[in-house]
Amino acid sequence: RRVCGAGVLSRWRFGVRCLSVSAARYGKFIPPVREEAPEIPGMEPITYVDRMYYVPGLARPRFPDWDRGWSDPQHYRSPPPEQMKLFREQPAYVFNCSCRLLGGVKQALWLTKTKLNPGLPQRIMDMCEDPAYQIPNHEELVHNIVAHACLWHRPGEQPVREEYCPKLLQGLLHLCQKQNSKFPALFQRSLIENCRLAASWRRESSIYHVRGINGFLLNSKNPLKPVASESEIQATKEHRLESLYPISPSIDLQEVNVYEERNDAGFRPGYPFPHPHTVFVMDSCSTRAGFLPDQLRAKMIMLAYSSALAKARNLFGEDAKALPEPILVQSIGTDGQIFHFLVFQLNTLDLDSEDGIKNIVWMDSDQPLYSSANLVAKVRRKIVEVPAGVCGLQPETFKKFWAMYLHGAN
């Protein structure tokens, strides 16, 4: 028997590795990495190729790659980037769903040339307060959805965020879909999962891309009407974006030289629900690799902007700068407890300079749906600090969720 530095009792026959101490102390020997002999111009290295076995002190021979004469996918080797068809001298910066912007919302606003307005538009807030649009007994229904996702999913064990966050979002969407009989316009919607998105644009002589899976995407047959009036759009000319200095706008983005400038919303021509309505973003990671709230909101801005940009390129062409009509896309983000609501209006495709019309985004962030959901009460010194079950339910958060889902169908 052996005891490692962490105090864990282990045996050789179990094959247990102790990562808390050095390998030499635990009896493991790691051979050093052998360095290749440097290439000296005009000198040929002496190798052990003639002896056909390893000889210390002689260089390792280098043989040319064997050409099989046919394409074997299991032994495929990609050519150097310089020899690829899509190689470009100017690098591009790619944002995918796993990117976490260091600058957060401030960086996303600069990349998309957008002005931020706090709070949701008045049109959506009026729907939250109108009794004609409320779901009967919605507090009890939302309570059951939270309990099903956080308490009833696995009996006897507290689920982690990776499990209850998707189930909570799916339960809320299912509750909204059951209202189709009351609002027939909701039948003209389509909910898509794992939709692939591709968008490209230029910002101050740099090329930016958004690539990857878009999560849950709600589409509709008819586009959403713009929220900001023409006077509000023209007033954005006086707005100045905050500088990111000394941070580079492309920080945390992947730099590539092999790329294609493409705008694709992920739908084939003739799809009956071609207009993006709402992008649902989840942060279901329960470790430190998860998104910070500001980074999650930045991701929502990037995905909403990219969905609107891809649709604008499809409608008005790849070279269009001024839009005949703004495009509106919504976004809802959550980590399983806190919700963020966003409405993005694309007003211009001219992002080369700081001047001119800006895009507009309305954001209502950090809205909790409930305070806690525990299987067992938390007791300290015989005092119940957090009771068992779902506590602190906030119906106003679901009202905003339902109003954004209903937006355009009322």
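Residues numbered from 1 in each chain as written. Predicted model: local features only at pLDDT ≥ 70, side-chain atom pairs only at ≥ 80, totals over all residues. Heavy atoms only, no water.

An unreviewed UniProt entry lists the protein under the name Large ribosomal subunit protein mL37, with Xenopus laevis as the source organism. Of the protein, the UniProt comment under Sequence similarities (unreviewed entry) reads exactly: "Belongs to the mitochondrion-specific ribosomal protein mL37 family." UniProt, in its Subcellular location (unreviewed entry) section for the protein, records the words "Mitochondrion". (UniProt positions renumbered as here; feature names shortened; annotations may be inferred.)

Buried residues dominate helix α1 (residues 105–112), accounting for seven of its eight residues. Residues of α1 that are buried include every one of Val-105, Gln-107, Ala-108, Leu-109, Trp-110, Leu-111 and Thr-112, and no others. Where α1 is buried, its residues touch β4 (114–118), β6 (196–203), β7 (206–213), α6 (293–316), β12 (338–348) and β13 (359–368). Lys-113 lies just past α1 and shows a positive phi near 55 degrees. (Buried < 20%, exposed > 50% of the residue type's maximum accessible area, 1.4 Å probe, protein only. Helix = DSSP H or I, 4+ residues; strand = E, 2+ residues; numbered from the N terminus. Contact = heavy atoms within 4.5 Å.)

By size, the foremost hydrophobic cluster in this structure holds 48 residues, and its most contacted members are Trp-201, Ile-301, Met-302, Leu-342, Phe-344 and Leu-346. In terms of residue count, α6 provides more of this core than any other element does, twelve residues in total. Here Leu-346 is in contact with Tyr-305, Ala-308, Leu-309, Ala-312, Leu-323, Pro-326, Ile-327 and Asn-359, once residues within four sequence places are set aside. (Core = buried A, V, L, I, M, F, W, Y, C linked by side-chain atoms within 4.5 Å.)

Overall, the coordinates contain 13 salt bridges when judged by the stated rule. Of the charged contacts in the structure, one is a salt bridge between Asp-65 and Arg-77, with a shortest N-O distance of 3.4 Å. Remark: Arg-77 occurs in the loop between β2 (9–10) and β3 (87–95) and Asp-65 occurs in the loop between β2 and β3; sequence separation between them is twelve residues. When its relative accessible area of 65% is taken as the criterion, Arg-77 is described as exposed. Across the pair Arg-297 and Asp-366 runs a salt bridge, and its minimum N-O distance is 3.2 Å. Here Asp-366 lies in strand β13 and Arg-297 lies in helix α6, a separation of 69 residues in the sequence. Look at Arg-297 and you get buried, because its relative accessible area is 11%. For Asp-366, a relative accessible area of 42% puts it in the partly exposed group. (Salt bridge = Lys/Arg side-chain N within 4 Å of Asp/Glu carboxyl O.)

Taken in spatial order, the seven strands line up as β4-β13-β12-β11-β10-β8-β5 in an open sheet, and their pairing is mixed. A single partner strand is all that each edge strand has here, and the edge strands are β4 and β5 (189–193). With strand direction ignored, the average angle separating the axes of adjacent strands in the sheet is 20 degrees. Looking at chain direction, strand β8 (residues 216–220) and strand β10 (residues 275–282) are connected through five bridges and run antiparallel. (Pairing = 2+ DSSP bridges. Axes fitted to C-alpha atoms, helices over the stretch in contact; angles between N-to-C directions.)

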